[in-house]
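For reference, the chains in residue letters:
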Amino acid sequence: SSGINAEYGGITPRKTDALQDVVERGMRVSLTLRECTPEPCTCKYHSQCDSRNYGKPRYEVGGAGAAARLEQEYVSAVYEEIAGHFSGTRHSPWPGVVHFLNTLPPGSIVADVGCGNGKYLGVRGDLWALGNDNSYNLCTICRDRGHEVFACNALNIPLRRGTCDAVICIAMLHHLTTRERRLTVLHNLAQLLVPGGRGLVTVWAQEQHLDLQDQEPCRPSNTDSTEQGVGRRHFQDQDVFVDWQLKSGTEEDRKLLYRYYHVFREGELAELVQEVPHLQLSGVSYDKANWCAEFTRL
């Protein structure tokens with residue numbers, strides 16, 4: 001319809017129509033037809049697109065204070081609320097992380113930064129594993145399982161420098177909202193290590209297709225229903241909100257919560273590690289839609 005305003009999707013408030021002659025407008029019917037597609041939207045209007053932004057929080061990071069508030073609202077507070085439900089879906093250790101832990105000598109001191117429900121703290125009984133997480137409720141779950149844990153923010157880890165033979169940080173770094181804060185966490189991991197100590201960090205990957213067959217479509221980016229890795233998603237942006245359907249009783253008693261993620265593009269994690277003094281990058285791999293980086297403290 002010529003009366004549709006393309007920018008705002010409304011009807012232009014005209015009082016006359018130009019047909020063969022200019023006539024006074026009476027009742028007018030205007031139809032807007034929209035194409036429905038099962039595939040993710042590929043339009044270039046990211047901030048205005050209804051498909052991309054429907055139901056998602058809007059945010060703006062203008063400094064350290066704003067970044068901390070965003071992480072508190074869309075990371076820390078969410079995990080506090082979903083801790084029990086989340087823990088019930090995270091029970092199988094990733095083989096890649098288990099392999100890394102199995103390469104450590106017996107008696108090694110290992111710090112698991114962002115340990116979640118502690119599923120890696122008991123992988124080997126001959127290691128001294130200490131976990132920490134920003135969620136008190138997840139720490140309580142770990143403690144109830146007999147693990148050594150304490151609650152803290154990874155931006156300020158209250159452990160003595162140079163006391164750990166190894167550190168792991170699994171699926172946590174992507175919850176930091178700025179590059180500077182992610183780099184600070186990596187600095188903290190480096191400071192925990194003794195010279196020659198080793199580390200493993202994993203993050204969600206923006207590239208979701210590298211371990212998929214061509215006939216397997218990606219899921220919309222705002223879902224989370226896989227145990228190992230991010231799964232089949234389609235991330236057009238790096239800073240995203242992923243929803244969590246919190247179940248509490250009946251099927252109708254569901255609550256929708258959003259978690260912030262910065263999904264890493266190829267090479268980004270390696271670049272961060274290489275910026276940290278006294279860390280030497282040992283290797284980067286791609287595992288179940290995650291980027292993984294191993295490093296050594298010089």
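Up top you'll find the structure we're talking about.
Residues numbered from 1 in each chain as written. Predicted model: local features only at pLDDT ≥ 70, side-chain atom pairs only at ≥ 80, totals over all residues. Heavy atoms only, no water.

J.: Would you mind going over the nonpolar core with me for this structure?
T.: Nonpolar side chains tend to gather and get buried jointly when the protein is soluble and globular. Membership of the largest hydrophobic core comes to 30 residues, with the highest contact counts inside it found for Val167, Leu173, Leu186, Leu189, Val201, Leu269 and Phe295. Of all the elements in the fold, those that place two or more residues in this core are strand E5 (109-113), strand E8 (164-170), helix H5 (179-192), strand E9 (193-204), helix H6 (268-275) and strand E15 (290-297). Here this core takes 6 residues from H5, the largest share from any one element. The contacts of Leu173, once residues within four sequence positions are left out, are Arg182, Val185, Leu186, Val201, Val203, Phe264 and Leu269. In this structure, Val75, Ile82, Ala83 and Leu138 belong to the second largest nonpolar core, which totals 22 residues. (Core = buried A, V, L, I, M, F, W, Y, C linked by side-chain atoms within 4.5 Å. Buried < 20%, exposed > 50% of the residue type's maximum accessible area, 1.4 Å probe, protein only. Helix = DSSP H or I, 4+ residues; strand = E, 2+ residues; numbered from the N terminus. Contact = heavy atoms within 4.5 Å.)

J.: Just to check I follow, could you spell out the packing of aromatic side chains for this structure?
T.: The description of an aromatic ring pair uses the distance of the two centres, along with the angle that the planes make with each other. Tallied over the full model, the rule gives 6 aromatic pairs. Both rings, one in Tyr79 and one in Phe86, keep their centres 5.2 Å apart while their planes meet at 90°; by these two values the pair is edge-to-face. The exposure class assigned to Phe86 is buried, which follows from its relative accessible area of 11%. With 3.9 Å between their ring centres and 10° between their planes, Trp204 and Tyr261 make a pair best called stacked. With a gap of 57 residues between them, Trp204 in strand E9 and Tyr261 in strand E13 (residues 250-262) connect regions that are remote in the sequence. (Phe/Tyr/Trp six-rings, centres within 6.5 Å; stacked < 30°, edge-to-face > 60°.)

J.: Mind showing me how you'd approach H5 here?
T.: Note that an α-helix has 3.6 residues per turn; residues three or four places apart therefore point the same way. Its 14 residues give H5 an end-to-end C-alpha distance of 20 Å, which sits within 8% of 20 Å, the value for a rise of 1.5 Å per residue. Looking at H5, one finds that the buried residues are Arg181, Arg182, Leu183, Val185, Leu186, Asn188, Leu189, Ala190 and Leu192. (Expected span 1.5 Å × (residues − 1).)

J.: Honestly, the side chain of Glu207 in this entry has me stumped. Any pointers?
T.: For Glu207, the position within the fold is in the loop between E9 and strand E10 (219-220). Arg265 is the oppositely charged side chain nearest to the buried, salt-bridge-free Glu207, at an N-O distance of 7.2 Å. Engagement of the side chain of Glu207 in a polar contact is seen with the backbone nitrogen of Glu266, the distance being 2.7 Å. (Lys, Arg positive; Asp, Glu negative; His and termini not counted. Salt bridge = Lys/Arg side-chain N within 4 Å of Asp/Glu carboxyl O. Polar contact = N/O pair within 3.5 Å; in protein donor to acceptor, adjacent residues only side chain to side chain.)

J.: Mind showing me how you'd approach the pattern of salt bridges here?
T.: In a structure, side chains of opposite charge can pair up when their charged atoms sit close to one another. Considering all chains together, one arrives at 7 salt bridges under this definition. A salt bridge links Glu275 to Arg179; the nearest nitrogen and oxygen atoms lie 2.2 Å apart. Separated by 96 residues along the polypeptide, Glu275 in helix H6 and Arg179 in helix H5 bring together distant segments of the chain. Residue classification places Arg179 among the partly exposed residues on the basis of a relative accessible area of 36%. Where Glu294 meets Arg198, a salt bridge forms, and the shortest distance between an N and an O atom there is 3.6 Å. One end of the pair, Glu294, is in strand E15; the other, Arg198, is in strand E9, and 96 residues separate them in sequence. Classification of Arg198 by relative accessible area gives partly exposed; the value is 24%.

J.: Quick question: what am I supposed to make of the sheet that holds strand E14 (residues 279-287) here?
T.: In a beta sheet, neighbouring strands are held together by backbone hydrogen bonds and run either parallel or antiparallel to one another. Read across the open sheet, the 7 strands follow the order E7-E6-E5-E8-E9-E15-E14; overall the sheet is mixed. The outermost strands of the open sheet, each flanked by one partner alone, are strand E7 (148-151) and E14. On average, each strand axis in the sheet is tilted by 15° relative to the strand beside it, whichever way the strands run. Helix H3 (residues 95-102) rests against E5, E8, E9, E14 and E15 of the sheet, and its axis sits at about 175° to E8. (Pairing = 2+ DSSP bridges. Axes fitted to C-alpha atoms, helices over the stretch in contact; angles between N-to-C directions.)

J.: Which parts of the structure should I look at to understand unusual backbone geometry?
T.: Look at Ala171: it is not a glycine, yet its phi comes out positive at around 55°. Along the polypeptide, Ala171 turns up in the loop between E8 and H5. The phi torsion at Ala289 lies on the positive side, around 65°, for a residue other than glycine. Its place among the elements puts Ala289 in the loop between E14 and E15.

J.: Help me understand the pairing of strand E6 (residues 128-133) in this model?
T.: The element E6 is largely enclosed, with a buried count of 5 among its 6 residues. Note that E5 and E6 share 5 bridges and pair parallel. Considered in E6, the bridge of Val110 is made with Ala129. Across 4 bridges, the pairing between E6 and E7 is parallel. Across the sheet, Asp133 pairs through a bridge with Ala151, a residue of E7. Note on the crossover from E6 through helix H4 (residues 136-144) to E7: the handedness is right-handed. (Right-handed = clockwise from strand over helix to strand, strands pointing away.)

J.: Hey, could you run me through the packing of helix H2 (residues 64-89) against H4 in this one?
T.: To characterise two packed helices, one gives the angle between the axes of the helices and the distance between these axes. Look at H2 against H4: their axes get within 7 Å of each other, and the N-to-C directions meet at 35°. Contacts between H2 and H4 involve Tyr79, Glu80, Ala83, Gly84, Phe86 and Ser87 on the former and, on the latter, Tyr136, Asn137, Leu138 and Ile141. Partitioning the contact of H2 with H4 into residue classes produces 6 nonpolar, 3 polar and 1 charged. (Nonpolar A, V, L, I, M, F, W, Y, C, P; charged D, E, K, R; others polar.)

J.: In this structure, what is going on with a nonpolar patch on the surface? I would like to understand it.
T.: Taken together, Met27, Val29, Leu31 and Leu33 make up a surface patch of nonpolar side chains, about 580 Å² in accessible area. Tracing the backbone through its elements, the reader meets Val29 in the loop between strand E4 (22-24) and helix H1 (50-53). (Patch = residues over 30% accessible without salt bridge, like charges linked within 9 Å, V, L, I, M, F, W, Y side chains within 5 Å. Areas by Shrake-Rupley, 256 points an atom, 1.4 Å probe, with all protein chains shown as cover.)

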